[in-house]
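Reading the structure
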Amino acid sequence: MNDKDIYDWGREIGEGINKFVNSGEIKELQENIQATVENAMEEVRRSVQDAADYVGKAGQKAVNKMDSAWNTGTKDRAAGVQTYPQKEKRHLPVVKRPEGRVSGILMEVFGTFGAVIGWTASAMGILLEWLSVKVAGMGIGTWMFAGFAGFAGICTAAALVGGMWRRRAGRFRKYVRTMGEQDFYQLDGLAQAVRRKEAFVRKDLKEMIGRGWFLEGHLDEQETCFMLTDEAYRMYMDAQEQLRLRREEEERLAAQREMLERDPVQRQLRQTVEEGNEYIRRIRDINGAIAESRISGKLERLENICGRIFGHIGEKPEKLPDIRRFMSYYLPTTLKLLERYREFHEQPLQGENITVAKTEIEGMLDDINRAFEKMFDRLFEEEALDVSTDISVLSTMLAQEGLLEDGLRVKDPALNSASAHCPQE
């Protein structure tokens, strides 16, 4: 190869490199690299500026707070006024520096630089390899270019991971700013704040809770609401428990209503018990309105016996017919007398007629209490008859077996010997 051939070969290589450098592809690559670097540096600048602003504002607030406290304290001390410290700003249960905020930016910046250098070197190597084959008819080796490509791939992956970390930390800050002072926040509102779908935000919040960024974060059962504090979550759980109890009570009442509709006896029983409880309540109110000890005890006795009657009827619905007259006449008339007594008692002038009427009602109350107690005792008439019948049948059977001769003595000598040592009453 002469000098002219070497010169021509060098000239062709130079023109090829020139053409590649001036081509639209390399310009587009340069623009992408420049845009990525500028965005990353802008994020770094904003982070540094935010930190500086925060420190400056915190310092200024501290100075202003000290000046205000001094001025207020001076004025209040001069006026003799008691001062109290102002409420401090609420401390949110979140991490101050989420993982990836700084490291993500650094990985993205340096990864982008490394990727640009690596891919550029790889592209240049490929171009040189092509030119050497075309001009000299032989390659210069591709192992070095493969290494550049591997380095570029690693840097690209680092840049992508760093960008993901940076964006996640940015979303975390947006979540916190969006919630502000609220402990509850709907996921659709947070999704609008970060311009993402609700499903993405749900998964994002779960990951941040798992990483410990939200120290007390919780999602509700439907995963439609985010709670920032444990206190808010306890309130939510209490509300859920109250809702569950209310639903159970509604279901119980619905089942009870359905049962009453199917069973007329149960319906009549419920009406009777409710009406009886209303009578007892009115008797109690009258007793509270009359401040006289001589009738208070009688009214308490009446209230007690009425409560026993309705309690027994609630356990034995088949005895409803036994208190029909009690419900239709005896109890309403008794309540009417008590209402009259309260009316007489409230009169400012206690004349002879009023005094006599009150005395008659007081005497009648003793008779009413005795009658109601006897009626309550009659409600057990069937049970007492059953007991008497059982005793009679048992006594007859024991007598037939010869087990009731001479009281408790039996024919078995061993049993007689044992019974002889028992204490006698």
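Quick caveat, the model's predicted, so the values are computed rather than measured. (Residues numbered from 1 in each chain as written. Predicted model: local features only at pLDDT ≥ 70, side-chain atom pairs only at ≥ 80, totals over all residues. Heavy atoms only, no water.)

Below, the discussion takes up the pattern of salt bridges. Scanning the model with the defined rule gives 22 salt bridges in all. The residue Arg340 makes a salt bridge to Glu343 at a minimum N-O spacing of 3.5 Å. Here Arg340 pairs with Glu343, and both are found in helix H10 (residues 324-345), just three residues apart, close to one helical turn. You can call Arg340 partly exposed: its relative accessible area is 42%. When its relative accessible area of 38% is taken as the criterion, Glu343 is described as partly exposed. Each of Glu198, Arg202, Lys206 and Glu223 takes part in a single network of salt bridges with overlapping partners. (Salt bridge = Lys/Arg side-chain N within 4 Å of Asp/Glu carboxyl O. Helix = DSSP H or I, 4+ residues; strand = E, 2+ residues; numbered from the N terminus. Buried < 20%, exposed > 50% of the residue type's maximum accessible area, 1.4 Å probe, protein only.)

Here we come to the packing of aromatic side chains. One pair of aromatic rings is described through two measures. These are the centre distance and the angle between the planes. Counting across every chain of the model gives eight aromatic pairs. On the numbers, 5.3 Å between centres and 70 degrees between planes, the contact of Phe172 with Trp213 is edge-to-face. Linking Phe172 in helix H4 (residues 143-179) with Trp213 in the loop between helix H6 (198-211) and strand E2 (218-219), this pair joins segments that are 41 residues apart in sequence. Here Phe172 matches Trp213 in class, with each residue buried. Between Arg196 and the ring centre of Phe200, over which it is positioned, the NZ or CZ distance is 4.3 Å. In this arrangement the basic side chain of Lys319 is found over the ring face of Phe380, its NZ or CZ atom lying 5.5 Å from the centre. (Phe/Tyr/Trp six-rings, centres within 6.5 Å; stacked < 30°, edge-to-face > 60°. Lys NZ or Arg CZ within 6 Å of the ring centre and 35° of its normal.)

Turning our eyes to something else, we now look at a nonpolar patch on the surface. On the surface, Val102, Leu106, Phe110 and Phe113 cluster together into a nonpolar patch covering about 410 Å² of accessible area. On the accessibility criterion, Phe113 (37% relative accessible area) is partly exposed. (Patch = residues over 30% accessible without salt bridge, like charges linked within 9 Å, V, L, I, M, F, W, Y side chains within 5 Å. Areas by Shrake-Rupley, 256 points an atom, 1.4 Å probe, with all protein chains shown as cover.)

Turning our eyes to something else, we now look at unusual backbone geometry. If you check the backbone angles, Arg195 has positive phi at about 60 degrees while not being a glycine. By relative accessible area, which is 79% here, Arg195 ends up exposed. One non-glycine residue, Glu223, adopts positive backbone phi at about 60 degrees. Accessibility expressed as a relative area gives 26% for Glu223, which makes it partly exposed.

Our next topic: the sheet that holds strand E1 (residues 184-186). As summarised here, the arrangement of the three strands in space is E1-E3-E2, forming an open sheet in which the pairing is antiparallel. Two strands close off the open sheet at either side, each with one partner strand: E1 and E2. Across two bridges, E2 lies against strand E3 (residues 225-227) in antiparallel orientation. Among the inter-strand pairings, His218 is bridged to a residue of E3, identified as Met227. With respect to the sheet, helix H5 (residues 187-194) is in contact with E1, E2 and E3, its orientation differing from that of E1 by roughly 70 degrees. (Pairing = 2+ DSSP bridges. Contact = heavy atoms within 4.5 Å. Axes fitted to C-alpha atoms, helices over the stretch in contact; angles between N-to-C directions.)

With that out of the way, let us pick up the packing of helix H9 (residues 293-315) against H10. Each pair of packed helices can be described by the angle between their axes along with the distance between the axes. Across the interface, H9 lies against H10 with an axial gap of 13 Å and an inter-helix angle of 160 degrees. By the angle between their directions, the pair H9 and H10 is classed as roughly antiparallel. Considering only the axes of H9 and H10, their crossing is left-handed. The segment H9 lies against H10, with Arg294, Ile295, Leu299, Leu302, Cys306, Ile309 and Phe310 engaging Phe326, Met327, Leu331, Thr334, Leu338 and Tyr341. Each residue belonging to the contact of H9 with H10 can be placed in one class, and the counts come to eleven nonpolar, one polar and one charged. (Parallel < 35°, antiparallel > 145°, perpendicular 65-115°, else oblique. Left-handed = near helix turned anticlockwise from the far one by under 90°. Nonpolar A, V, L, I, M, F, W, Y, C, P; charged D, E, K, R; others polar.)

Mapping Asn287 onto the fold places it in helix H8 (residues 264-289). With relative accessibility at 12%, the residue Asn287 sits in the buried group. Setting aside chain neighbours within four positions, we find Asn287 in contact with Ser296, Leu299 and Glu300.

A surface patch of negative charge is lined by Glu318, Asp322, Asp377, Glu381, Glu382, Asp386 and Asp390. With four residues, helix H12 (residues 381-400) is the largest single contributor of residues to the negative patch. You can see Asp377 is positioned in helix H11 (residues 352-378). (Lys, Arg positive; Asp, Glu negative; His and termini not counted. Charge placed at Lys NZ, Arg CZ, Asp CG, Glu CD.)

Core analysis: the biggest nonpolar cluster contains 29 residues, and Leu302, Cys306, Ile309, Ile323, Phe326, Leu331 and Phe372 have the highest contact counts within it. The set of elements that each furnish at least two residues to this core consists of H8, H9, H10 and H11. If one sorts the elements of this core by residue count, H9 sits on top with eight residues. What Ile309 contacts, discounting residues up to four positions off in sequence, is Ile323, Phe326, Phe372, Met375, Phe376 and Leu379. Membership of the second largest hydrophobic core comes to 17 residues, among which are Met179, Ala191, Trp213 and Phe214. (Core = buried A, V, L, I, M, F, W, Y, C linked by side-chain atoms within 4.5 Å.)

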